[in-house]
Amino acid sequence: MDFVSKYQDVVGRVFRSENSSSGEDSYVERLLDRIGNGVLAEDRRNAMAELQAVVAESHDAQLAFGAMGFPTLLNVLKEGRDDVEMVRGALETLVSALSPIEFGKKSKNEVQPALMNSDLLSREVENISLLLSLLLEEDFYIRYYTLQLLTALLTNSPNWLQEAILTIPRGITRLMDMLMDREVIRNEALLLLTYLTREAEEIQKIVVFEGALEKIFGIIKEEGGSEGGVVVQDCLELLNNLLRFNSSNQVLLRETVGFDPLISILKLRGSTYKFTQQKTINLLSVLDTIKLLLHGGQRTDPGKDSNGLANKTVLVQKKVLDHLLMLGVESQWAPVAVRCMALQCVGDLVVNHPQNRDTLANKALGDEPHVEPALNSILRIMLRTSSTQEFIAADYVFKSFCEKNPDGQTMLASTLIPQPHSMINAPFEEDLNISFGSMLLHGLILSESDGDLETCCRAAGVLSHILKDNIQCKERVLKIELEAPTPILGGPEPLLHRMVKYLALASSMSKDGKASLSDTTYLQPIILKLLLLWLFDCPSAVQSFLGSRPHLTYLLELISNQTTTVCVRGLAAVLLGVCIICNKTADSGQDSFSVIDAISQKVGLTSYLLKFDEMQKSSLFTSEKPALSRKPLTRSIGASMSDIEEVYDDENTDQRNEDHPILLMVLDPQFVIILKGLEVKIREQIVEIYSHPRSQVAVVPAYIEQQSGEMDKEYIKRLKNFVEKQCLEIQDLLSRNTTLAEDLAKTGESGSSQLEHRVSSGSDRIQVETLRRDLHETSQRLDALKGEKARIEAESSAHQNSASKLESDLKSLSDAYNSLEQANFQLEREIKALKNGGAVAAPDIEEIKAEARELAQKESEAELNDLLVCLGQEQSKVEKLSARLAELGEDVDSLLDGIGDDIGLQEEDDDEQE
């Protein structure tokens, strides 16, 4: 074969480079010669068995086989179908040649004969077609080894095999038929289809068309659902390959098989406390399927959102929320990985779906009398769990519930009722009757008793979701005042001020070494995010925050502190910027200008603006990895897991401190977009404030008062000169201020696109303002002229219409007048004729009668002549007929007797009537 001859050169060079044993090479060659040219069948079978054994054990034998063995064995598969044992041996040998041999560590440059042999065999479509034809053989082992060989090919050379199978008629159909074969064959075919459909969209379509969905759920039902073994995992992996980013397949599943078989896998059967590793993997796989359905499809798919909403609606109608809450909330004995995945599915189920959000809000868990709202249970888990991943998953539920849900946010905020300070240490964790808000506030102030800010920051994260983009909730929570821990500290303290105190406490804990860096990395960012979302677009919250002078001072120190992380300094800078752009107070000590002055004096505007760039260049802003990312569970991954829970937890926690999974949760993509938008607004506001200094009460100098004896004309002239001088000085100050602000902004933003196009100097800015005013006045004049022109054109059109109407009326009158003139002329002519003739002579009637009689007589004579001619003609005809009748012997007279009598009688009657 040509492709073998070409490949032999490559393998030969490998042999020489590897210094392989020539004895091994010659031994393989002798065995192949015995197989191809042997006379005795038994000798050929023994040679096949020896070849299979040496290829399975020797690296060099695999290389030698790749150089010379494929033509011989492929010829056996083609021509020797009658010898079943030889065909089995050939297939088993090919499987061994494509299976890697592991003998310790291998160097990176070492040749992999299994990969080379797989590439060699799969390059020719005829070889794949030959193997697929073997699936029609009746022998069980031939079909079994053929499937193993195809799986090995797909593992080593997936692209070649996928392309080859697509070009072979009914290639996928033959593989699908194997799913209806015996259990061992079925399992091998299932594994092969799983590998085939991972990334091949065309193969996915054909597999679904061949009824894969029905067959998958049929196998899962036979194996016992989640209690089944690795076969259920393979089925679910194949199902996920077909549904991942494929809206059409999801719609087909929803409208044909339905979601009931899928949801039934989530049901816990038997002893719910027994979660084996395989059962855990199966549950994670089916939860992964649920997530795929909730996401709807590929991002670029125009029907993604509608399909996702339809899937969410149907899944909730099928009671999937009950099973998810059972796994994620009520089954605390379930592995952490399962609980986290179930909670994340709950979040995906309710995000941007009003009906599902209401269902979750009204859902209650537990049995009477121990019944509790589902949101309360999730909050309790979030505040108490020791698992970072479970905290992140529970937080995702509240984030999804509050996203674009002002009614839900208001409902949760309405339950925020402060408890007496004496109740802080009460065991609220076990009280099922406590409201959501009371539990949340209890978590916020829990650090007062034990000095642990972990629970406080978790509660702060939930509060930030409640307040985001909801001004009513911000105002409501702003009014919450907490009772002071000791009477010495005075009256109640606003909740906002308490959160700032916890921010400072977290910083001091890190300085004192009371907690490791990894434990405090995310505490301050969570609180800063809460304060930032709270103050944004809420002037009253900004006023309350700046009402305590130490707050501004502490933020300035936090920005200048180089021991804090880049993220903390950047968020603190943005929080100060919010105090600038959302500041509506008239108090000169708390207005925007005062904040900018404080920044300029304590930090410096250049250094302050550089904090934005430092934060955006950090890995937290450039990384797109979601907090709960996890690769799909495959058979190889599941087999290597000694403890699925530890693998899931360690997957994201083994990172650098700045990439802590909770920090990734805090700086989610939506919040990063908000920060970038705020940065632009902050820079613009700083430039605006520096360009227009705050107005103050003018103090009139004494020397501009009118002096005694000074004339009014001279006094007015002196005042005019003074005002002109002041205007020039003001313009110069504005120019310098604007230039300074723009230079600072440009230095801090490092080329921000929105400030690059600003005017480069203050004088140019003033000229531009003057030109803008002139342009505005000219535009106003032009608009006035356009209005006047339109008015004149309207009047002209009206006059033209009136003139046309008058012209038409005049023409009608002219026509009528001409008619009257003609009638009048006719009458005058007749009158004139009457006057000239005297009287008109009457016509001679007798003469007229005579003329008419003469004319009638002439007409009668002409008609009489015509009648006589006709009678003459008829008489000649009668004479001829009479002669003819006489010749024939007829009596003509007897025949004519009586003719004409009737006419004479009729004429007599007519005369009598006359």
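Criteria and thresholds
- Residues numbered from 1 in each chain as written.
- Predicted model: local features only at pLDDT ≥ 70, side-chain atom pairs only at ≥ 80, totals over all residues.
- Heavy atoms only, no water.
- Helix = DSSP H or I, 4+ residues; strand = E, 2+ residues; numbered from the N terminus.
- Buried < 20%, exposed > 50% of the residue type's maximum accessible area, 1.4 Å probe, protein only.
- Contact = heavy atoms within 4.5 Å.
- Areas by Shrake-Rupley, 256 points an atom, 1.4 Å probe, with all protein chains shown as cover.
- Axes fitted to C-alpha atoms, helices over the stretch in contact; angles between N-to-C directions.
- Parallel < 35°, antiparallel > 145°, perpendicular 65-115°, else oblique.
- Left-handed = near helix turned anticlockwise from the far one by under 90°.
- Nonpolar A, V, L, I, M, F, W, Y, C, P; charged D, E, K, R; others polar.
- Salt bridge = Lys/Arg side-chain N within 4 Å of Asp/Glu carboxyl O.
- Phe/Tyr/Trp six-rings, centres within 6.5 Å; stacked < 30°, edge-to-face > 60°.
- Lys NZ or Arg CZ within 6 Å of the ring centre and 35° of its normal.
- Polar contact = N/O pair within 3.5 Å; in protein donor to acceptor, adjacent residues only side chain to side chain.
- Disulfide = S-S within 2.5 Å.
- pLDDT = per-residue confidence, 0-100.
- Arc of directions from axis to C-beta.

## Quick word on the overall build of the protein chain
- Across its full length, the protein chain carries 48 helices and four strands.
- With 914 residues in all, the protein chain has 45% of them scored as buried.
- Restricting the contact set of the protein chain to residue pairs at least 6 apart, pairs at least 24 apart contribute 72%.
- A total accessible area of about 48,600 Å² is found for the protein chain, and carbon and sulfur atoms account for 52% of it.

## Describing the packing of helix α15 (residues 230–243) against helix α18 (residues 277–295)
- One way to put it is that α15 packs onto α18 with a least axis distance of 9 Å and a crossing angle of 15°. As the angle between them shows, α15 and α18 are arranged roughly parallel. Crossing of α15 against α18: the hand is left-handed. Listed contacts from α18 to V230, V232, Q233, L236, L239, N240 and L243 of α15 are Q278, I281, N282, S285, V286, D288, T289, L292 and L293.
- Of the residues contributing to the contact of α15 with α18, the split by class is nine nonpolar, six polar and one charged.

## Focus: the packing of helix α25 (residues 406–413) against helix α28 (residues 454–467)
- The interhelical angle for the contact between α25 and α28, taken along N-to-C directions, is 130°, at an axis separation of 8 Å. What the angle tells us is that α25 and α28 run oblique. Within the contact between the two elements, α25 uses Q409, L412 and A413 and α28 uses H465, I466 and L467.
- Of the residues contributing to the contact of α25 with α28, the split by class is four nonpolar, two polar and no charged.

## Here we look at the pattern of salt bridges
- Tallying each qualifying case throughout the model produces 27 salt bridges.
- Here R34 makes a salt bridge to D43, at a shortest N to O gap of 2.9 Å.
- Residue classification places R34 among the partly exposed residues on the basis of a relative accessible area of 27%.
- Between E493 and R498 there is a salt bridge; the shortest N-O distance is 2.8 Å.
- Of the residues examined, R498 reaches a relative accessible area of 2% and is grouped as buried.
- If you follow the salt bridges from partner to partner, you end up with E42, R45, D83 and E85 in one network.

## Structural notes on the packing of aromatic side chains
- Enumeration according to the criterion identifies seven aromatic pairs in this entry.
- The ring of F140 has R182 sitting right over it, with the charged end atom 4.2 Å from the ring centre.
- Of note, K279 hangs over the ring of F275, and the distance from its end group to the ring centre comes to 4.6 Å.

## Regarding helix α26 (residues 436–444)
- By the criterion of burial, α26 is predominantly enclosed, with nine of the nine residues buried.
- When we look at burial in α26, the residues that qualify are F436, G437, S438, M439, L440, L441, H442, G443 and L444.

## Section: the side chain of Q52
- One can find Q52 in helix α3 (residues 41–57).
- Engagement of the side chain of Q52 in a polar contact is seen with the side chain of S96, the distance being 2.9 Å.
- Setting aside chain neighbours within four positions, we find Q52 in contact with E92, T93 and S96.

## Comments concerning the state of the cysteines
- Across all of its chains, the model carries zero disulfides by this definition.
- No disulfide involves C473; its nearest neighbouring cysteine sulfur is the one of C402, lying 8.4 Å away.
- Left without a disulfide partner, C582 is nearest to the cysteine sulfur of C579, which lies 8.5 Å away.
- The buried category is assigned to C582, whose relative accessible area is 8%.

## Some remarks on the confidence of the model for the protein chain
- Residues with a pLDDT of 70 or more make up 77% of the protein chain, whose mean pLDDT is 79.
- With pLDDT under 50 throughout, residues 1–20 is counted as low confidence; its partners more than four residues away or in other chains account for 31 contacts.
- Low pLDDT (under 50) marks residues 513–518, which in the prediction has six contacts with non-local residues, meaning those over four places away or in another chain.

## Observations concerning the environment of E493
- Following the sequence through the fold, E493 ends up in strand β4 (residues 493–494).
- Sequence separation between E493 and I480 is 13 residues, and the spatial gap between their C-alpha atoms is 8.5 Å.
- When neighbours within four sequence positions are excluded, E493 is seen to be in contact with I480, E481, L482, R498 and K501.
- In terms of polar contacts, E493 uses its side chain to reach the side chain of R498, at 2.8 Å.

## Some words on the environment of V371
- Looking at where V371 falls in the secondary structure, it is placed in the loop between β1 (364–365) and β2 (372–373).
- It is 7.3 Å that separates the C-alpha atoms of V371 and L432, two residues lying 61 residues apart in sequence.

## Some points on helix α29 (residues 471–478)
- When α29 is considered as a whole, its buried residues turn out to be C473, K474, V477 and L478. Seen along its axis, α29 keeps its buried residues to an arc of 135°; they face one direction.
- Two or three places before Q472, at the start of α29, stands the capping residue N470, its side-chain oxygen 3.3 Å from that residue's backbone nitrogen.

## Points about unusual backbone geometry
- Phi angles above zero are rare outside glycine, and R170 is one such case at about 60°.
- Structurally, R170 can be placed in the loop between α10 (158–167) and α11 (171–177).
- With relative accessibility at 56%, the residue R170 sits in the exposed group.
- In this structure, D469 is a non-glycine residue whose phi angle is positive, near 55°.
- Summarising the element assignment, D469 is placed in the loop between α28 and α29.
- Taking relative accessible area as the criterion, D469 reaches 60% and is therefore assigned exposed.

## With respect to the environment of L136
- For L136, the position within the fold is in the loop between α8 (125–133) and α9 (140–156).
- Its relative accessible area of 59% is what places L136 among the exposed residues.
- Expressed as a C-alpha distance, the spacing of L136 and M178, which sit 42 residues apart in the sequence, is 9.6 Å.

## Some remarks on the side chain of N311
- With respect to the helices and strands, the residue N311 is situated in helix α19 (residues 304–317).
- Side-chain polar atoms of N311 contact the side chain of R254, separated by 2.5 Å.
- For N311, the contacting residues outside a window of four places in its chain are Q250, R254, F259 and L293.

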